[in-house]
Amino acid sequence: MQTMGMGEVMIIPFGGNLRRVLFWLGVMVFFALFLFVFADILLPFVAGFVLAYFLNPIVEFCERIGISRLWATVMIVLVAVIVLAAALILLVPVLSEQLFGVIKNLPDYFSRLQNIFAHHDTKWLRQYIGIDISNLQSSVSSLLGQAANLLKTILPSLWSSSKALMGMATLMVVTPVVAFYMLLDWQKMVGAVDSWIPRNRLQTVHAIVWQMNRAVAGFIRGQGTLCLILGCYYAVMLTLCGVNFSLLIGLFIGLIAFIPYVGSTIGLLLSAGMACIQYWPEQWPWIAAVVGVFLVGQFLEGYVLQPKLVGSSVGLHPVWLMFALFAFGSLFGFTGMLIAVPAAAAIGVLVRFALHSYLTSVFYEGEGNKG
């Protein structure tokens, strides 16, 4: 960096650094354009890669105990496909029935909630908050009625459409094949990519990739396992409490449990609302039991599952996580949502590395403070 006199222009010779920055920016732009153009057909390939990434540690463990990589890959992919197929065969019909049941009964459920509010004094809402409960009830009732009618019209057509069925069939057939070949050639692919890295930057790139793998693996394996456990826990416990649509609610809670506080809060509101509709006022202890289920679930998540399964390896802020989901989902659809979390973790590592590099560079310290 050269310091000029008053009124003169400061010239910063970037040299090779500028070429490297432009090269990697070009790679990122190409990758984003590739995802955007081929987003409609990428889902089974991305799902296969995610499945291979998830299963690769098991394959490596099998290799360490003397099983060849080919046979380990065959066995593990076969078991994974059987488990996923069985889960779909068992769960999809039940979840579909419960989903359409919720849509069908939504206006009736809201009417029951209105009746619960009608038996309580709501003047304090108007006095302290300025909310007229009657106007609020009519507006929300009209909105929910329109939404329910829209969902009842759209969802059956989406489910029965040939495009949806073809997409599901393609996903079920192509994903295991992609996962199999990726698992089989995983070490070769890693070695090939490693050979492309400039030798003078090898150690730095390895450190960055290690941090990325730690963050992504911490979420996909750790947080994914946590979400699965919580989803099963809430589904079973809400079923024991007799809550309608407990399987659907429990799995939905597990699906959004990766967002701290938001997932559990939404789950508590849904479950407590359904329990109030069913049990208020004669069987109020069941409502207390549902609240108790969530208190126990929060204790297990915060003090047992989160420290054991995830720990501090993820390092993703909830706001950044939600932004990534919305952004990638908006740009690339469901495929984008599938890669949103790994991409967010990788981008977070790159941003922290770039910030650290800037804070230790001459651009931050200044030429006069160097040395």
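All of these numbers come straight from a predicted model, not from anything done at the bench.

This next bit is on empty space enclosed by the protein. Inspection of every chain in the model, using the stated rule, returns one cavity of 30 Å³ or more. Of the voids in this model, the largest cavity is the one considered here, and its volume is about 50 Å³. Going through the elements one at a time, helix H8 (202–240), helix H10 (262–279) and helix H11 (284–310) are the ones with two or more residues in the lining of the largest cavity.

On to unusual backbone geometry. Glycine aside, a negative phi is what most residues show, and trans is what most peptide bonds show. A positive phi angle, near 60°, is found at phenylalanine 245, a position not held by glycine. Structurally, the position occupied by phenylalanine 245 is in the loop between H8 and helix H9 (246–255). Exposure remark for phenylalanine 245: the relative accessible area of 14% places this residue in the buried category.

Predicted coordinates in regions of low pLDDT should not be interpreted in detail. Scored by pLDDT, the protein chain comes out at a mean of 75, with 74% of its residues at no less than 70. Residue range residues 1–15 is modelled with pLDDT below 50. Its contacts to residues more than four positions away, or to other chains, number 13 contacts. In this model residues 157–165 is a low-confidence stretch, pLDDT under 50, and it forms six contacts with partners more than four residues away in sequence or in other chains.

Residues Tyr234, Val243, Phe258, Val290 and Phe328 are the most contacted members of the largest nonpolar core, which totals 39 residues. Residue assignment for this core shows that the elements contributing at least two residues are H8, H9, H10, H11 and helix H12 (318–359). Looking at this core, the element that brings in the most residues is H12, giving 10 residues. If we skip the residues at most four places from it in the chain, phenylalanine 328 touches Gly333, Gly336, Met337, Ile339, Ala340, Ala343 and Ile347. Membership of the second largest hydrophobic core comes to 23 residues, among which are Ala72, Ile76, Trp186 and Val349.

Reading guide: rules and limits
- Residues numbered from 1 in each chain as written.
- Predicted model: local features only at pLDDT ≥ 70, side-chain atom pairs only at ≥ 80, totals over all residues.
- Heavy atoms only, no water.
- 1 Å grid on protein atoms, 1.4 Å probe; cavity = no way out; pocket = protein on both sides within 12 Å on 5 of 7 lines; lining within 4 Å.
- Points joined across faces, edges and corners; volume = space filled by probe spheres on them.
- Helix = DSSP H or I, 4+ residues; strand = E, 2+ residues; numbered from the N terminus.
- Buried < 20%, exposed > 50% of the residue type's maximum accessible area, 1.4 Å probe, protein only.
- pLDDT = per-residue confidence, 0-100.
- Contact = heavy atoms within 4.5 Å.
- Core = buried A, V, L, I, M, F, W, Y, C linked by side-chain atoms within 4.5 Å.

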